[in-house]
Amino acid sequence: MYNIGVDVGGTSVKAGLVKEGEIVFKNSQETDKIGGVEALANNIISLVNEIVEKCSVKIEEVGTIGIGVPGMVNKHGEIVCVNIGIKNGNLIELLEKEFPTCKIDIANDANVAALAEYAFGSMKGYNSGIMLTLGTGVGSGIIINGKLVTGAHGIGAEIGHITIDKNYFDCNCGNNGCFETFCSATAIIKYAQKLIGEGRESLILEKAKNIENITAKDVFDSYREKDIVAVEVIDRFKNYLGLGIGNIINFIDPDVISIGGGVSNASDIIFDGLEEIIRKYVVFKGVEIADVVIAKFKNDAGILGASAL
Ligand SMILES: [Zn+2]
C-alpha cells in the first residue's frame, strides 16, 4: 500500500508517492492563487493522476492522500488559507468525489512537519512530541499519543504566538511579545539590525555589506568569530528559546521537542548550554525533562508528514 503526501505552499504545490517513509516519486505545479479552493483541488487532482500514471500504481493501491496547507483547518475539514487566496472551502469534499477509494485528510503545514518528524524522523519512537520550526516565523505542532493536537476548534498549537515578554516591535498577528518575535530567523535579523542601526560596529555588517541584507547566517557566522554584537543577539535569542521551551515543559511535559527550520542549521551554537537555560524556567528542579533534538527533514517534511496523516 502507498500513501500520497501533498505539500501546498505559496509558490508551488508538491506531491509525492510515499512507501514506508520513503518518497518513491514526486512532482509539483505552480500554486493557482486566484481560483480558490476549486483551483487547488484541480492542482492536486492532476498531480495525483500524474503520479499514479507515471508510477504504474492503481489509485486503489493508495491508502491516504494527505494534504498540508498554509493556513487553518477546522474540524469539518474546511480550510482558510489567506496567502493562497482561499477564504473558505471544503477541499476534502472535492477530493473525495474524485478519489472515492482513498482516505483524504488535511492539516496545517506546521502540524504536518511535526508529523513527519514523529512518524519517520527525529521524534520517532517517542510517545509525545512537540516540533518548533524556527524560520521566518515560529511554526509548531503538538503530538500526544500519536495524535496531532490542534484543539476543539482547530485553532490551537500556535506556540509561536504565545506571549513571553514585551518586545520592541509587534508581531504580524497584531499582538506584542509573541514567541516568534524573539526566536525566529526574522527576530535574529531584526535585533542585529536594531543594534547596528544604533551605531554599534559589527562583523555582521561586513558580511552582509548592507544592513537591509543581513541574514541569520551572517549573525551565526559572526558569533563564531566572537563578534560582540552577534554574541548579544544570539544570547538573547537563546535565552528566549530556553524560556519558551521551559514554558512548553511546564505546560505539557512532552517526551521530546524537535527544533527545525533554517535557524536549526546552527544547531551547535543553539544547543550549547541550552539545557541549563531551559532548566532555569522549568518549575520542578532536578528531574528528567524532554529531550531536545534537531529535526531530520528539510524540504521533504511537507510531503512525508502529509503522507502520514
Ligand atoms: Zn503573534
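In this report, the structure presented in the accompanying data block is examined. Values in this document were obtained by computation on a predicted structure and should not be read as measured data.

## Overview of the overall build of the protein
Link 1 in the chain: On a plain count of helices and strands, the protein comes out with 11 helices and 13 strands.
Link 2 in the chain: Over its C-alpha trace the protein gives a radius of gyration of 20 Å, about what one expects of a compact globule, namely 19 Å for 309 residues.
Link 3 in the chain: The principal-axis extents of the C-alpha atoms in the protein amount to approximately 60 × 45 × 35 Å.
Link 4 in the chain: Counting over 309 residues, the protein shows a buried share of 51%.

## Here we look at the pairing of strand 7 (residues 86-90)
Link 1 in the chain: Pairing of strand 6 (residues 78-81) with strand 7 involves 3 bridges; the strand directions are antiparallel. Bridge pairing in strand 7 places E78 opposite N90.
Link 2 in the chain: Linking strand 6 back to strand 7 in an antiparallel pair, the connection comprises 4 residues, with G85 at a positive phi of about 75°.

## Examining the coordination of the zinc ion
Link 1 in the chain: Each protein donor to the zinc ion is listed here as H161 (ND1), C171 (SG), C173 (SG) and C178 (SG); together their distances run 2.0 to 2.3 Å.
Link 2 in the chain: Given 4 donor atoms and angles of 105 to 119° at the metal, the environment of the zinc ion is assigned as tetrahedral.
Link 3 in the chain: Written as a sequence motif, the donor arrangement for the zinc ion is H-x9-C-x1-C-x4-C.
Link 4 in the chain: We classify C178 as buried; its relative accessible area is 0%.

## Here's the deal with unusual backbone geometry
Link 1 in the chain: Backbone geometry at K226 places phi at a positive 60°, although glycine is not the residue there.
Link 2 in the chain: By the secondary structure assignment, K226 is in the loop between helix 7 (216-224) and helix 8 (228-251).
Link 3 in the chain: We note that D253 has phi near 50°; this positive angle belongs to a residue other than glycine.
Link 4 in the chain: By the secondary structure assignment, D253 is in the loop between helix 8 and strand 12 (256-260).

Procedures and definitions
- Residues numbered from 1 in each chain as written.
- Predicted model: local features only at pLDDT ≥ 70, side-chain atom pairs only at ≥ 80, totals over all residues.
- Heavy atoms only, no water.
- Helix = DSSP H or I, 4+ residues; strand = E, 2+ residues; numbered from the N terminus.
- Rg over C-alpha atoms; globule rule 2.2 N^0.38 Å.
- Buried < 20%, exposed > 50% of the residue type's maximum accessible area, 1.4 Å probe, protein only.
- Pairing = 2+ DSSP bridges.
- Donors = N, O, S within 2.8 Å, 3.2 Å for Na, K, Ca; no water.
- Tetrahedral: all angles 85-135°; square planar, octahedral: opposite > 155°, others 65-115°.

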